[in-house]
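Residues per chain are reported as follows:
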Amino acid sequence: MDTHPPTQTSANPHIRQLVASRQEGYALPRAFYHDLALYAHESQSIWRNGWLFAGFTCQIPHPGDFFTLNVEDDTLIILRGDDEQIRAFHNVCTHRGTLLTTEAHGSVRALVCPYHQWTFTRQGELFHCSGMQEGLDKSRLGLHQVQLETCAGLIFLSFAHQPPAFEPARQSLAPLAMPQGFERAKIAWSKRYEVKANWKLIWENNRECYHCNVNHPQYIKSNFDIYEDGQLSQRLQERLAVALERSKNEDDELAISHRQGGLATFPDAEHNIWYAANRTLLTEGYLSESLDGQRVAPLMGTYHDERGGVLRLRTLPNFWCHASCDHAVTTHLLPLDLHRTLVRVTWLVHEEAQVARDYTLEKLLPFWQLTSEQDWGLCERVQRGVNSSAYLPGPLSILREYNLDAFLRWYLFQLSSWK
Ligand code: FES
Ligand code: FE
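Residues numbered from 1 in each chain as written. Chains lettered and ligands numbered in written order. Predicted model: local features only at pLDDT ≥ 70, side-chain atom pairs only at ≥ 80, totals over all residues. Heavy atoms only, no water.

**So, the overall build of the chain**
Counting its secondary structure elements, the chain contains ten helices and 16 strands. Here the C-alpha atoms of the chain give a radius of gyration of 23 Å, agreeing with the 22 Å that 2.2 N^0.38 yields for 419 residues. Looking at the chain as a whole, 55% of its 419 residues are labelled buried. Summarising the internal contacts of the chain: among those between residues at least 6 apart in sequence, 68% fall at separations of at least 24. Element-wise, carbon and sulfur atoms account for 50% of the exposed surface of the chain, whose accessible area totals about 18800 Å². Treating the 39 positive side-chain charges of the chain as one cloud and the 48 negative ones as another, the clouds have centres 3 Å apart. (Helix = DSSP H or I, 4+ residues; strand = E, 2+ residues; numbered from the N terminus. Rg over C-alpha atoms; globule rule 2.2 N^0.38 Å. Buried < 20%, exposed > 50% of the residue type's maximum accessible area, 1.4 Å probe, protein only. Contact = heavy atoms within 4.5 Å. Areas by Shrake-Rupley, 256 points an atom, 1.4 Å probe, with all protein chains shown as cover. Lys, Arg positive; Asp, Glu negative; His and termini not counted. Charge placed at Lys NZ, Arg CZ, Asp CG, Glu CD.)

**A closer look at the sheet that holds strand 2 (residues 65-71)**
Across the sheet, seven strands lie side by side as 1-10-9-4-3-2-5; this open sheet has antiparallel pairing. At either margin of the open sheet sits one strand with a lone partner, and together these are strand 1 (52-56) and strand 5 (105-107). In this sheet, adjacent strand axes meet at a mean angle of 30 degrees when their direction is disregarded. (Pairing = 2+ DSSP bridges. Axes fitted to C-alpha atoms, helices over the stretch in contact; angles between N-to-C directions.)

**Details of the sheet that holds strand 11 (residues 185-195)**
In spatial order, the strands read 11-16-15-14-13-12; together these six strands make up an open sheet with antiparallel pairing. The open sheet has two free edges, formed respectively by strand 11 and strand 12 (275-280), since each of these has just one partner strand. Averaged over all adjacent pairs, the angle separating strand axes in this sheet is 15 degrees, with direction ignored. Examined bridge by bridge, strand 11 and strand 16 (residues 340-350) share ten bridges and lie antiparallel to one another. Its bridge partner being in strand 16, Ser190 is matched across the sheet by Thr346. Taken strand by strand, helix 3 (residues 167-177) contacts strand 12 and strand 13 (310-315), and its axis lies near 20 degrees from that of strand 12. Along the sheet face, helix 9 (residues 366-387) touches strand 11, strand 14 (319-323), strand 15 (328-337) and strand 16 and points at about 20 degrees away from the line of strand 11.

**Observations regarding the pattern of salt bridges**
If you walk through the whole model with that rule in mind, you get 17 salt bridges. Here Lys200 ties to Glu42 by a salt bridge, and the two come within 2.7 Å at their closest N and O atoms. Residue Lys200 is found in helix 4 (residues 199-206), and its partner Glu42 is found in helix 2 (residues 36-47); the two are separated by 158 residues along the sequence. The same class applies to Lys200 and to Glu42, which are both buried. The partner of Arg48 in a salt bridge is Glu72, and the shortest N-O contact between them spans 2.8 Å. Placement of the pair is Arg48 in the loop between helix 2 and strand 1 and Glu72 in the loop between strand 2 and strand 3 (74-80), with a sequence separation of 24 residues. Of the residues examined, Glu72 reaches a relative accessible area of 39% and is grouped as partly exposed. What emerges from the salt-bridge pattern is a single network uniting Arg22, Glu270, Asp405 and Arg409. (Salt bridge = Lys/Arg side-chain N within 4 Å of Asp/Glu carboxyl O.)

**What to know about the nonpolar core**
Among soluble globular proteins, nonpolar side chains are generally buried collectively. Formed by 99 residues in total, the largest nonpolar core has its most connected members in Phe32, Ile78, Leu157, Phe182, Leu313, Tyr411 and Leu415. Among the elements that take part in this core, helix 10 (residues 402-417) stands out by supplying seven residues, more than any other. Excluding residues that lie within four positions of it along the chain, Phe182 makes contacts with Phe56, Cys58, Ala152, Gly153, Leu154, Ala177, Leu313, Cys321, Ala328 and Leu348. (Core = buried A, V, L, I, M, F, W, Y, C linked by side-chain atoms within 4.5 Å.)

**A short note on the environment of Leu291**
Here Leu291 lies in the loop between strand 12 and strand 13. Overall, the relative accessible area of 43% leaves Leu291 in the partly exposed class. It is 9.3 Å that separates the C-alpha atoms of Leu291 and Leu365, two residues lying 74 residues apart in sequence. Those residues in contact with Leu291, other than ones at most four positions away along the chain, are Gln218, Tyr286, Pro366, Phe367 and Leu370.

**With respect to the state of the cysteines**
Across all of its chains, the model carries one disulfide by this definition. The partner cysteine of Cys209 in its disulfide is Cys212, sulfur to sulfur 1.9 Å. Across the disulfide from Cys209 to Cys212, rotation about the S-S bond amounts to roughly -105 degrees, and the bridge is consequently left-handed. Taking relative accessible area as the criterion, Cys212 reaches 2% and is therefore assigned buried. Looking at the unpaired Cys151, the closest cysteine sulfur is the one in Cys321, lying at 12 Å. (Disulfide = S-S within 2.5 Å.)

**Here's the deal with the coordination of the iron ion (ligand 2)**
Angles between donor atoms at a metal ideally measure 109.5 degrees for a four-coordinate tetrahedral arrangement and either 90 or 180 degrees for a six-coordinate octahedral one. On the protein side, the iron ion (ligand 2) has His211 (NE2), His216 (NE2), Asp375 (OD) and Asp375 (OD) as donor atoms, found 2.0 to 2.6 Å from it. All donors of the iron ion (ligand 2) belong to a single chain; written as a sequence motif, their spacing is H-x4-H-x158-D. You can see His211 sitting in the loop between helix 4 and helix 5 (212-215) and its partner Asp375 sitting in helix 9, a full 164 residues away along the chain. The same class applies to His211 and to Asp375, which are both buried. (Donors = N, O, S within 2.8 Å, 3.2 Å for Na, K, Ca; no water.)

**Things to note about the packing of helix 4 against helix 9**
Contact geometry for helix 4 and helix 9: axes closest at 9 Å, N-to-C directions at 125 degrees. With respect to helix 9, the element helix 4 is oriented oblique. For the element pair helix 4 and helix 9, the recorded crossing hand is right-handed. On helix 9, the residues that touch Leu201, Ile202 and Asn205 of helix 4 are Asp375, Trp376, Leu378, Cys379, Val382 and Gln383. Partitioned by chemical class, the residues of the contact of helix 4 with helix 9 number six nonpolar, two polar and one charged. (Parallel < 35°, antiparallel > 145°, perpendicular 65-115°, else oblique. Left-handed = near helix turned anticlockwise from the far one by under 90°. Nonpolar A, V, L, I, M, F, W, Y, C, P; charged D, E, K, R; others polar.)

**Some remarks on helix 4**
Counting buried residues in helix 4 gives eight out of eight residues, a clear majority hidden from the surface. Among all positions of helix 4, only Trp199, Lys200, Leu201, Ile202, Trp203, Glu204, Asn205 and Asn206 are buried.

**Re the pairing of strand 2**
Within strand 2, six of the seven residues are buried, leaving the element largely enclosed by the surrounding structure. Bridge count between strand 2 and strand 3: six bridges; the pairing is antiparallel. Among the inter-strand pairings, Val71 is bridged to a residue of strand 3, identified as Asp74. Hairpin connection from strand 2 to strand 3: two residues lie between these consecutive antiparallel strands, with Glu72 at a positive phi of about 50 degrees.

What follows is the structure, given as structure tokens:
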């Protein structure tokens, strides 16, 4: 907490005052979880300005396949075109605005509006609108598109006309994420949670493992997160050294990139970096993030053995992933209102893996289902405490909450730099 983000000052005096009210090294004041004007400002400066994780390319493998996504009042169709390109369109007819589809996913030959049957191609162009007058310029009435990028099988979109450059994120994420084989994966299970907590509390919880010892008994058996550098016992240091030595012999793409105790630093508030990928070791005896540490599904992607540890991906403001050699678990956030966040947790396995034959949900789900639900319970308790008139922000641990502090500094910078 001895570093400072680039200085920016919001043009909005209310936001300036709020940002200034946060004492460095402390949690956020109550207003950050209660102020509707701030919530609207977050929508513009963060949720509609950055890149949002939307889903997986493997959800829509064929031309015409689509899924829909709701972000605030907007509904989007993410659709694979005849040219195999994936695009995101507003799910809004360009005649009088009717929603084109109310399905969560499906496959279409064309998008036909149910109201007056205007028909759009799978590339979003209007090609049929019988009953309209001659001379109508159909080329100006295609579906409204939003920016979309794919990276190693992950789909991101942005509402911004000029979003932050995606290329640096791709260069950082793709080399580590490619071996996981998200493009050749399938969704084994997906669970939707409506967490009664502000979205920031969910990230704050994610960015520290100070709470893990007592709250995640299954998680701490498998991961080194709770052991900050300098706190590793002799025995753990030896185990880490042996595992790191072994990992040197592996292909570069599976090399362990996080080589200390504790959580890798993220985000980088000083450089405004919203994406990160690293590969961390699992503890002795753990091949996968499962309750007993054993594999729970066939190897994914190009993994040739079980020693790649865990691939961790994160993109702000709405995505993180823990992926073992045999399965990946992603978490995807979207705010519903000030005090509620929609969280979707998704388990992926190799596309050819068959339930019952190659994996069972009984073994695949519990590790991250337990860990996630333990976290949501904590976040909801924090929200209730923060709601209290007695709440005052307390000091953060420099040793155990440095990433939480980095998240808050990144967040405050986004608020301040939005004009
Ligand atoms: Fe879609 Fe009329 S509103 S065709
Ligand atoms: Fe947790």
